[in-house]
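So you can see what is in the structure, the chains are spelled out below.
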Amino acid sequence: MSTGDPWDEPELESEPLDAYAPELDEPAGPTVEFVECWRCGKPVEEGAACARCGARPKWSSIASGGPGPRAVRSVGETAAVRLLAAYGLLLITSVVYGWFIRFGLDARAFAAPDAAESQVYRMMALEAFDAVLILAAVAWVPVPEAVGKVSTRRAIASWLASPLLLAVALGANFGYHQLILRAAGLPDVQDELVQALGIGPLLILSICVLPAIFEEIFFRHLALGRLRGVTGVHGAVFVSSIMFGVLHIFAPLSIPILMVVGVVLGYARVLSGGLLLPILLHFAHNLIVILVHAS
Amino acid sequence: MSYDDDNLPPPPRAGAPTSGRKPLGKLAQSARGAELKKARGILLAMGILTIALNAIQFPGIGSQVDKLIQNEQQKGVVIAPEARDTLIAIARIFLGGFITLGVIFVLFGLIVQKFPVPITIAAMVIYLGANAVLAVFNFESIFAGIPLKIITVVALVQAIQSAVAYQKGLREGSYS
């Protein structure tokens, strides 16, 4: 039963069969089974060629006396597999980047401005590569359409609450990092990077703009949108924020707190109904972090 | 181009021949329940093993760091004396982090039957992430215990599939 909440799952509600009566006036004939196209993953009538990509059904199993074209997976499962495959590629990219920077523990990396600049170029390259992967994932992973519009009141409330959400994310982030760095007696590596290079357009682009846009597209649009139908809204926010945190392998000590930040951004997405609020929050969060480190 | 799962045709009217979908029999239901129990067992085992293996290493951190410093000094690297304390602190933080991870897996195992899908997917992501972090530190660690890692990943994938099917069954009313 719908409560008017767009994040309820109406696709799971059963509609009265009378709703379909006008389309079924003709006498019942042979039933039509829909299976998943083996090439593009879209629903296709069993035994027919796919209208989208033209793939013919595989009949080899019928020839051998088998059950016929197999319904390999549901469409939802195909999308979930593709999503996880795309995430796996992003994870591999992060691992490779982590090898290159070795978590920034090498203080010599920031001994000269050239070294700091090359670090920023490496970050730019990582973000650019991630952007290409994410755009490919957007084209490859089918995303369910939005269930319904968020009410205007809720959207306005989420925007009004955004400074509070940002404060929560920043407070948790700074508090956690201060605790960890003091416990380990480590210098703040990002401080050295920002102070060696200064805040310039390159740094802002690589740390604030690109991650805000593309990470939100992947985690709060693709992942959250796809997982919502399987795990529910809260489960989708939970899992997508874990994926978001784990992706930052090159800063392993930050992974737990980034999961918390991911939860904040996830609920910003859910409550506002759009991607703009989480993108702006993510941008503002990263910008404030580098401004604090530069001071 | 947007796409949604509702492109499939509407369900047939009552009385019309169905496409053959029937509610799950008791055998299938018990099979799914058994898969979820297996998932719980895997998560509990992973958690307890992780806690045990990392807790054992705690007392020997100092000697391991000394060995590491010795190796680096033999290669000609100059290491300041205060770096020892920093390295020990970092090692303690990482071991503590992995022990926390073990506790999280145990908790996941205890609640997996209540929230099967999010917990199994989260467990998979965290497990892969933890191995990826170790791989960045030491590439050879990917190959250490690889048969067990493959078995664990396969078992987690099966757990996710069972959890999704179990949840679908609950929603369709196949399960009481």
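Residues numbered from 1 in each chain as written. Chains lettered and ligands numbered in written order. Predicted model: local features only at pLDDT ≥ 70, side-chain atom pairs only at ≥ 80, totals over all residues. Heavy atoms only, no water.

Moving on: the overall build of chain A. Regarding its fold elements, chain A presents 9 helices and 2 strands. Listing every helix and strand of chain A by position from the N terminus yields β-β-α-α-α-α-α-α-α-α-α. Of all intrachain contacts in chain A linking residues separated by at least 6 positions in sequence, the fraction that spans at least 24 positions is 70%. When the accessible surface of chain A is split by element, carbon and sulfur atoms take 65% of a total near 14,700 Å². (Helix = DSSP H or I, 4+ residues; strand = E, 2+ residues; numbered from the N terminus. Contact = heavy atoms within 4.5 Å. Areas by Shrake-Rupley, 256 points an atom, 1.4 Å probe, with all protein chains shown as cover.)

On to a nonpolar patch on the surface. On the surface, a cluster of nonpolar side chains totalling about 450 Å² of accessible area is made up of B:V103, B:L107, B:L110, B:I111 and B:F115. With respect to the secondary-structure elements, B:L110 resides in helix α3 (residues 82–111). (Patch = residues over 30% accessible without salt bridge, like charges linked within 9 Å, V, L, I, M, F, W, Y side chains within 5 Å. Salt bridge = Lys/Arg side-chain N within 4 Å of Asp/Glu carboxyl O.)

What follows concerns the packing of aromatic side chains. Following the criterion strictly, the structure yields 6 aromatic pairs over all chains and no others. Ring centres of A:F218 and A:F219 lie 5.0 Å apart, and the angle between their planes is 80°; this geometry places the pair in the edge-to-face category. Neither residue differs from the other here; A:F218 and A:F219 are each classed as buried. Each ring, one from A:F238 and one from B:F108, has its centre 6.4 Å from the other, and the planes form 80°; the classification is edge-to-face. Placement of A:F238 in helix α7 (residues 201–247) and of B:F108 in helix α3 is noted, with the two residues assigned to different chains. Overall, A:F238 belongs to the partly exposed group, its relative accessible area being 30%. Put simply, the rings of A:Y87, A:F218, A:F219 and A:F244 touch in pairs and so form one group of aromatic residues. Positioned over the ring face of A:F244 is A:R220, at 4.6 Å from the centre of the ring. (Phe/Tyr/Trp six-rings, centres within 6.5 Å; stacked < 30°, edge-to-face > 60°. Buried < 20%, exposed > 50% of the residue type's maximum accessible area, 1.4 Å probe, protein only. Lys NZ or Arg CZ within 6 Å of the ring centre and 35° of its normal.)

A few words on the confidence of the model for chain A. Residues and elements named next belong to chain A. Of the residues in chain A, 70% reach a pLDDT of 70 or more, and the chain-wide mean stands at 76. Here helix α1 (residues 60–63) stands out as the least confident element of chain A, with mean pLDDT 44; helix α8 (residues 255–272) is the most confident, with 93. In the predicted structure, residues 1–29 sits below a pLDDT of 50 and forms 43 contacts with residues beyond four places in sequence or in another chain. Under a pLDDT of 50 for its full length, residues 60–72 has, in the predicted model, 13 contacts with residues more than four places off or in other chains. (pLDDT = per-residue confidence, 0-100.)

What follows is about the pattern of salt bridges. One pass over the structure, following the stated rule, counts 2 salt bridges over all chains. A salt bridge links A:E216 to A:R220, with the nearest nitrogen and oxygen atoms 2.9 Å apart. Linking A:E216 with A:R220, this pair stays in helix α7, spanning 4 residues, or about one helical turn. This pair shows no difference in class: A:E216 is buried, exactly as A:R220 is. Notably, a salt bridge pairs B:D66 with B:R84, separated by 2.6 Å at the nearest N-O pair. A residue pair is termed long-range when its members are at least 10 positions apart, and B:D66 in helix α2 (residues 61–74) and B:R84 in helix α3 qualify at 18 residues. By relative accessible area, B:D66 is classed as partly exposed at 33%. A relative accessible area of 29% means that B:R84 is categorised as partly exposed.

The next point concerns the side chain of A:T93. Residue placement: A:T93 occurs in helix α2 (residues 75–101). With residues near it in sequence (within four places) discarded, A:T93 still touches A:L126, A:F129, A:D130 and A:L133.

Relative to the 27 Å expected for 19 residues at 1.5 Å per residue, helix α9 (residues 276–294) of chain A spans 27 Å between its end C-alpha atoms, a close match to the ideal helical length. Within α9(A), burial applies to A:L277, A:P278, A:I279, A:L281, A:H282, A:H285, A:N286, A:V289, A:I290 and A:H293. (Expected span 1.5 Å × (residues − 1).)

Residues and elements named next belong to chain A. Direction vectors running N to C along helix α5 (residues 162–184) and α8 enclose 175°, while the axes themselves pass 9 Å from each other. By the angle between their directions, the pair α5 and α8 is classed as roughly antiparallel. Residues L165, V168, A169, A172, N173, Y176 and H177 of α5 form the contact with α8, whose participating residues are P256, I257, V261, V264 and A268. A class-by-class count of the residues in the contact of α5 with α8 yields 10 nonpolar, 2 polar and no charged. (Axes fitted to C-alpha atoms, helices over the stretch in contact; angles between N-to-C directions. Parallel < 35°, antiparallel > 145°, perpendicular 65-115°, else oblique. Nonpolar A, V, L, I, M, F, W, Y, C, P; charged D, E, K, R; others polar.)

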